[in-house]
Each structure stands twice: as structure tokens, then as C-alpha cells.
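A structural walkthrough
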Protein chains: 2
Amino acid sequence: MRTVRIGLLGLGVVGSAVAKAMLDDRGMADRSGVRLELAKVAVRDLSKRRVVNLPAGLLTTDPAEVVNDPNIEVVVELMGGEHPAFDLISSALSSGKHVVTANKEVLAKRGDALLAAAAEAGKRLVYEASVGGGIPILNPISDDLLANRIESVRAIINGTTNYILTRMSSEGAAYDAVLADAQQLGYAEADPTADVDGFDALYKIAILGRLAFGASAPVDVIHREGIGRIDARDFRYADELGFTIKLIAAAQRTADGLLLRVHPSLIPLDVPMASVNGAMNMVEVVGDLVGPLWLQGAGAGPSPTASAVLGDVLRVARGIDGPGPSGSASIAAIPVAPMSGHVCQYYIRLTAADRPGVLARIAKVLGDAAISIRSVIQMDTDATSGSADLVIMTHSALEANMQEAASRLRGLDVVVELDNLIRVESYGPTA
Amino acid sequence: MRTVRIGLLGLGVVGSAVAKAMLDDRGMADRSGVRLELAKVAVRDLSKRRVVNLPAGLLTTDPAEVVNDPNIEVVVELMGGEHPAFDLISSALSSGKHVVTANKEVLAKRGDALLAAAAEAGKRLVYEASVGGGIPILNPISDDLLANRIESVRAIINGTTNYILTRMSSEGAAYDAVLADAQQLGYAEADPTADVDGFDALYKIAILGRLAFGASAPVDVIHREGIGRIDARDFRYADELGFTIKLIAAAQRTADGLLLRVHPSLIPLDVPMASVNGAMNMVEVVGDLVGPLWLQGAGAGPSPTASAVLGDVLRVARGIDGPGPSGSASIAAIPVAPMSGHVCQYYIRLTAADRPGVLARIAKVLGDAAISIRSVIQMDTDATSGSADLVIMTHSALEANMQEAASRLRGLDVVVELDNLIRVESYGPTA
């Protein structure tokens, strides 16, 4: 049986799970026909106590020792972040090693350059674990579904925000309280920005957009909104209308190119995504032949991520003596479409003066922007201030028109506040 | 770009969809880096009108012309059934062609022999489309999830029965009426046996059992029950208890080996499978690293099946100039466990005499078989006959004990009929 030597960059929780699964084997060599040998591991601190017992002499604090070791054939990068991961992956490729990584940030920001470096070196750069944790999604798109022209990919792809939104929904709790609790429980970081402001989901959809559509989108042009404005009331009102609220990352073909977007969305209660709760992830892929597929599983966590990392390592290791990647496949690159061209229904929550004639003025602003109203419901009222919550559901409208209308609504004297504007995901033939 | 010549056996609805997708291309060659050329198609009747326009001279009524054509590199078998598919696939392999098939029956019944023939010929035999239609499931198990020791695979994997059960559930309709309607609408065959009696699901779970666990199970040793005994009342009673009813095909590791089973099951309303409706399929895979994954999509239909067939064709075509399959991978074969060792909760529906003391006698039979009762509910009563529907939910019990108890219950004079005995699927830590 062929033995393949693996070098590991990073021994955090995921790295430890990967190392442990390699050392334990659990039938892996028999299943795959190759034996993985952990040859060297770069860590920041040699003296740190580890959850996994590594053979003596494996650890080093110098990542160059891994990247330049002539006996190492596959480098597994699990440090995360753009620096120094970018340089280390580049060095590993140029010194003739295949690279497996779970690093969404470096793939989203510098993926074009890294993939070009891999093609030039004739080595493989694979990154299934960077999106959706343990859920197989990148390889199915580039392999099993290859006969399909992919029409759209939409996903609940950040476990932290889905955990927070699920608890807000089920408990009627406030965002701040649930976030604080999630931080205490370890579901959210001390600095939760990367998750709650949508950066993590953004990186992942950028990777999916490149892989499934050939779209090269600088991450700062992708529309991104976090979940910080979602209020317990929004869940209550959405539920009355037959919806829940999820943070959605989407990449969809449109007439103008590929539209990439990350924002909270109203999701009809009867579609598969509506019941994806807690830290679970779900990716919906629509192909022209296969129709919609839904892939659901643990989107994070050491073991599920190790499953994806090792799946990639085994794939590379099994093909290691074959020809390199053909390099001949290419997806016709499509341009990135502006968010202003997005078309969807909208949920608008306003605090407005509770008196006759108010609705007429609001409706006029929307009508002037070519936005049709589907329903208006007066929800909670506040007798003291003489105001009421108005929830307006629109028919399908153009994002540019809606933003123009929203700006005018904010300027109306009868509108105390435009509290929230949430897009509605459409499914199948829509109004 | 490399051109790979494809021979097609069968031009029914799936064959036509495959041929059409190959002829239309739709960017497939660019995405994959190979060009598929449809070189020859074997059909039964040359004069039949086709939904796809094939270039003249492609059709033949002699499948041997496809299987023996020296210019054909990949044979796609879409005829279905054991004969003559087995001989044709064997011939194609021995004459040096790779084979892609969607044929669940021949793979379930003769898969060991065919896979051995492929290994001997050094050619690939792939069959993603044989299970779950367009849902990628076989390749993810043997590739993406290879680092995992698979613990269980459970699936809603027959669209016809799921369509029938979904309508019975939502409409409260009787089995016979829904079946007749499904036949009229084309969701069920004129002879519905293969679907409603569970043979189709059985073939698919046999394939999954071999692939994921290395278990070689003759199809006639796999426990199989169809949906014909499910009554509209069972849905009503199950719903009151928090369950729905689905036809489940399962392969699970147990202490005695791999337990394979196909039968209707009570499914808790809050798990992903409960909301898989109509002709949709879902496969749940549990791996030791990844935990549970749920893959959902169209389990049948020409286009989704073509997606899986062509995914396999492209995979084979892209690797056609590389080394053959390594052949070194092997899953430690595990024996097939007897159904009598299955442990689960049971739903028992009885028609019993509606008078005092009856429950005591029924409870004694169950208690004597070491079966604990979780709940008993008296449902509908029939004053004329003096009988009532009793629904008993048990705690976890051994199948052998339950069958013994069921036999004794049928012999009790106070039991008019043991109407149904349905197993309950367990999820996570159970009672």
C-alpha cells in the first residue's frame, strides 16, 4: 500500500481532529487504498498542551520546515486567515506539493492567484472544508453535477448566525441577549463581527461563485448585510405571514451576470431551508438537469471539518501517482451583476403615525417607485406615542427602486422610522 | 480537447434525456475539458418516434454492435432489469469499455460479479444514477466521505411510495384510491409491485449496503415490507402521537453486522425526513466524523437521472487516459445481521373488544415478551360491534420478541384484529 506523507500547518481544534483521525486510521487506509503518514506539524507554541498525542519530533514552530520538506507530498493548511497562509500555500505549491486547505478567507480573497499558482505548478489545490464544514458541496458541484449548468446556489452557511436566529425565533428573544449567550456558550466569538456581519458567509459564497459559475468577484463588491438589525418583532410578524428569517448567501445567474449577495431573508415556512435550525448548514443547488438539491449537515466543528479535509487529502493521495490535473476544464467566466438589479419581494417594517391618511402617503411613495403592495398589516400600536408598526409586503420589485423608495419613506414626516427592510427569497414560479 | 466516444444501450425516457443533454452540450465540454460524442445507440424498435433527434445512422437494434464497437470507449446501459443487461455489461467490460449504468436491479442482484469483472478488466463500472436519481450519494460516500467509518444510511428512496404516502397523509385518503390516482397520473406503474411492495427500495439499499459497508447481501435475505397495509387511520393516529409514516430503506451497523431493512416507519415530525414530500427522495448518511448528513432532491425523472448518468460519464471520460482504478481499496466486509435482532419502538394498532379487562390481557402478552408499553390510546370506537381501535406505543424492544408477541396477540379472543405493526425510526439518543 502506498504511503503518502502529510505536513500539517496549524494544530488548533480542527488540526487536532485531523491529526487524531489520521493517527487512529479507523479503517481509512483499507477504504482508500493509501496510508497517510503525518510527517511534520507546524504550531505556534511548542509548549501548549494538546488534545492529541503526537509522536515526538513531529512538531516545529517554523512552517517553512513543513512547506520545504522534500519528503512531504501534501500540505494541509489549517491556520486560517489571509496571512501568512497565502505565502505558505504559494510556497508549498511552487515547491511541488499538493495543498489541502479549509481556509475560506484566503480562498475568497486570493483564490484566483492561488489556483493559477497550482495550475502552473501542476499540483492540486483543494478546499472542500472551506465551505459548509462537513457537507460535501464543492466536489459534488465540480464532479457529480458537472453535466449541469448551475443556475443558483443559495445557502444557510454560517452556523453562528443560524444558531442566533434560531434562538431568537423559538424564544422570541432579543438579538443582543442571544448573542451574549452564544458567546458564553462558545457558539460565537468574543469579537463576533466575522459571523454576525456576514463576512464568513461572504467568503463562502465568493468561493462557490468562482467554483460553480467561474465568477471572479472581489469580496468587497459582494452585497453584504449582517443580522444585527433583526428584531424579535420581525420574527413574530414574519411568522404571522408564513415566514421565518435566515441569513442567506446566494449566487444566482441573472441576465446581467452572476448576482452574489449575503443578507437576512424571509424564507417561506414550507421550504427545506426554513427548518434548518441551530448550527446546521444547508446548501441548495439548482442545476438545469438535476433541478434543486438540498444538502444539509454540520457546517462547522472539528470532526465534520476534519471529514472534509481528510476527504480531500485522500482524494489527492489516491491520485498522487496519476497525471496532474488536466487544466483543460474551464468555466466560461461570467461577470458579477450589481445588487441594484436584484428582483424580489420585500418585507418593510415601519413605525408610522397611527392616524388616517398615513397609509396613502406611504403607498404613494411605493407606487411612484413602481412597487406594488401585496399586503399591509398594522401590527403593534403604541398609544402613548400615537404610532404603530406597519408591516408591508410588496410584490416583486427592483432593488434599485426599493432603495429609492426606502430613502423617500425615511423622509416622510408620518414615518417615525423605517425599522427594517428584509428581502424575501423566492422559490419556483413567483409573483 | 479529447473526444470520448459513447455507446448507449436503451433510448427510453432517461436514455433520451441523456442523449439530448450530450447533443445540446450546454457548456458541458468547457466545464469538463472533454467532448462526449454519441457514437451508437441500441434500441428495441427503429421505427419508434423519439423525443430526441439523433443523427442518422446512430441507431441499431443490436446491442452487440454497441458493446463490441472498437471505437466506443464508454458504454452507458439504461435498459434496466437483470437480463440482458448483465450479459451486455459483462461483455462491454471484457471488451475493454468502461460502463456507466443506472440499473439498480442488476447491480443489487449481480453487483459482486459485475464489479469483479470490472476489476479484472481494469475498467470502471459506475452507477451513481442507480440510487437516488439526481442526488449525488454513491460518489460522496466513496469519495468525499471516505475518511468516515459510515455508521448508517437511511433513506426515503422510492418516489412512487413517497408520493402515495404523502397524499394519504395530507388528504386522509385511502391507499387504494391514491394508488389508482397515482397510476392515472403516471406516478405509479400499471403493475405497481416493484414500488409499493418495496423491491425498488430494496435494490437501492442493497447497493448502498455494498458500497458503504462492504456487505454482500443476497436481495432475498433483506427484510422487506411494502406500504399496502398502511391505512388512512394510521396517519391520523401517528399524527396525534407526533409522527408521520414513510417507507424507509436502511442499512445500519449493529453488533451482529449490517442490518438491512425496507419497511414503513413512523418518523418524528421534527426530523428532516418528515418533511420530504411527494416524489422527493432523501438520503441520511451518518459518518463517525461528519455526523449526520441529509441529501435531498429528485429521486427519479429523466433529467435528474441524466444528471447523475452524465456526471459518471464525465468522471470516467476525464480520467480515461490516466491509470485504471487502483483496485487496492477495499472495505472490510461485514456480515448481514438478521432482522430478528433489530431494536426499535413499535406502533401497534389493534381492533379489540371494548370492555374492561381487555387491556390487561394485551399488556400481559407484551410484558411476557419483555416489551414495555410507553402509551396506550383508545382511538375510534365502534358501538355496533363493541370494538375499539387501540394504539399502543412501546418502548424499545427486540424484533424477535415483538413478532412473538404479535403472534400471541393475534390469538387472543379479545383481539378482533392486529391491524398494523409499524416500526418507529430512532434519532439520536433514544429511550
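Parameters and conventions
Residues numbered from 1 in each chain as written. Chains lettered and ligands numbered in written order. Predicted model: local features only at pLDDT ≥ 70, side-chain atom pairs only at ≥ 80, totals over all residues. Helix = DSSP H or I, 4+ residues; strand = E, 2+ residues; numbered from the N terminus. Rg over C-alpha atoms; globule rule 2.2 N^0.38 Å. Buried ≥ 20, exposed ≤ 12 C-beta atoms within 10 Å, placed from the backbone. Contact = placed C-beta atoms within 7 Å. Axes fitted to C-alpha atoms, helices over the stretch in contact; angles between N-to-C directions. Parallel < 35°, antiparallel > 145°, perpendicular 65-115°, else oblique. Left-handed = near helix turned anticlockwise from the far one by under 90°. Nonpolar A, V, L, I, M, F, W, Y, C, P; charged D, E, K, R; others polar. Pairing = 2+ DSSP bridges. Domains from an automatic or database assignment. Least-squares fit on C-alpha atoms with pLDDT ≥ 70 in both.

Scanning chain A for helices and strands turns up 14 helices and 17 strands. Its C-alpha radius of gyration of 24 Å places chain A within 12% of the 22 Å reference for a compact globule of 431 residues. Its C-alpha atoms put chain A at 80 × 45 × 35 Å along the principal axes. Counting the 431 residues in chain A, one finds 51% classified as buried. In chain A, the share of contacts with a sequence separation of at least 24, taken over all contacts with a separation of at least 6, comes to 75%.

What follows concerns the packing of helix 5 (residues 104–121) of chain A against helix 10 (residues 199–213) of chain A. Residue and element names in this part refer to chain A. Running from amino to carboxyl end, helix 5 crosses helix 10 at an angle of 50 degrees, the nearest separation of the two axes being 8 Å. With respect to each other, helix 5 and helix 10 are oriented oblique. Seen from above, helix 5 lies across helix 10 with left-handed handedness. Within the contact between the two elements, helix 5 uses Lys104, Glu105, Leu107, Ala108 and Gly111 and helix 10 uses Tyr203, Lys204, Ala206, Ile207 and Arg210. For the contact of helix 5 with helix 10, a count of residues per class yields five nonpolar, one polar and four charged.

Moving on, we come to the packing of helix 7 (residues 159–171) of chain A against helix 8 (residues 175–185) of chain A. Residue and element names in this part refer to chain A. With their axes 9 Å apart at the nearest point, helix 7 and helix 8 run at an angle of 130 degrees to one another. Taken as axis vectors, helix 7 and helix 8 run oblique relative to one another. In the packing of helix 7 onto helix 8, the handedness of the crossing is right-handed. Within the contact between the two elements, helix 7 uses Thr160, Tyr163, Ile164, Arg167 and Met168 and helix 8 uses Tyr175, Val178, Leu179 and Ala182. Residue classes in the contact of helix 7 with helix 8 are distributed as seven nonpolar, one polar and one charged.

The interface is formed by 53 residues belonging to chain B together with 53 residues belonging to chain A. Contributions of two or more residues to the side of chain B that touches chain A are made by helix 2 (28–32), helix 6 (138–144), strand 12 (291–298) and helix 12 (302–318) of chain B. Ranked by the residues each element gives to the side of chain B that touches chain A, the list is headed by helix 12 of chain B, at nine residues. Residues that form the side of chain B that touches chain A fall into these classes: 25 nonpolar, 18 polar and 10 charged. In the sheet, strand 12 (residues 291–298) of chain A pairs with strand 12 of chain B via five bridges, with the strands oriented antiparallel. Each bridged residue has a counterpart across the sheet, and for A:Leu295 the counterpart in strand 12 of chain B is B:Leu295.

Moving on, we come to the domain arrangement of chain A. Under the domain assignment used here, chain A contains domain 1 (2–131 + 303–318), domain 2 (138–298) and domain 3 (342–424). Here domain 1 of chain A and domain 3 of chain A have C-alpha centroids that lie 51 Å from each other.

Moving on, we come to the pairing of strand 11 (residues 280–287) of chain A. All names here are of chain A. With seven of its eight residues buried, strand 11 lies for the most part within the structure. Where strand 7 (residues 150–156) meets strand 11, six bridges bridge the pair, whose relative direction is antiparallel. Bridge pairing in strand 11 links Ile150 to Gly287. Inspection of the sheet shows strand 11 paired to strand 12 by eight bridges, in the antiparallel sense. Bridge pairing in strand 12 places Gly287 opposite Gly291. Linking two consecutive strands that pair antiparallel, namely strand 11 and strand 12, is a turn of three residues.

Residue and element names in this part refer to chain B. Spatial strand order, 3-2-1-4-5-6: six strands in an open sheet with parallel pairing. Edge positions in the sheet fall to strand 3 (59–60) and strand 6 (125–126), since each has one partner strand and no second. Here strand 1 (residues 2–9) pairs with strand 2 (residues 34–42) via eight bridges, running parallel. Within strand 2, the position partnered with Leu9 by the bridge is Ala42.

Residue and element names in this part refer to chain A. The residue Ser90 is located in helix 4 (residues 85–94) in this model. Classification of Ser90 by C-beta neighbours within 10 Å gives partly exposed; the count is 18. Residues Ser90 and Ala113, 23 residues apart in the sequence, show an inter-C-alpha distance of 8.9 Å. Among all residues touching Ser90, those that are not within four sequence positions of it are Leu114 and Ala117.

Let us look at helix 11 (residues 232–240) of chain B. Listing the buried residues of helix 11 of chain B in full gives B:Asp234, B:Phe235, B:Tyr237 and B:Ala238. Directly after helix 11 of chain B, the chain includes B:Gly242, whose backbone phi takes a positive value near 95 degrees.

Attention shifts here to the pairing of strand 7 of chain A. Residues and elements named next belong to chain A. Burial within strand 7 is extensive, with five of its seven residues counted as buried. Looking at chain direction, strand 7 and strand 9 (residues 243–254) are connected through four bridges and run antiparallel. When the bridges of strand 9 are listed, Val153 appears paired with Ala251.

Turning our attention to the environment of A:Asp419. Residue and element names in this part refer to chain A. Relative to the elements of secondary structure, Asp419 occurs in strand 17 (residues 415–424). Expressed as a C-alpha distance, the spacing of Asp419 and Ala251, which sit 168 residues apart in the sequence, is 27 Å. Discounting residues that sit within four places of it in the chain, Asp419 has contacts with Arg349, Leu350 and Thr351.

In this section: the relation of the copies chain B and chain A. By a simple turn and slide, chain B fits onto chain A: the slide is 0.0 Å along the axis, the RMSD is 0.0 Å, and the turn is 180 degrees. Both chain copies can therefore be described as sitting about a two-fold axis. When C-alpha distances to the rotation axis are compared across chain B, the minimum falls at B:Leu295, with a value of 2.3 Å. The fraction of interface residues of chain B whose copies in chain A are also interface residues reaches 100%, indicating that both copies meet through the same surface.

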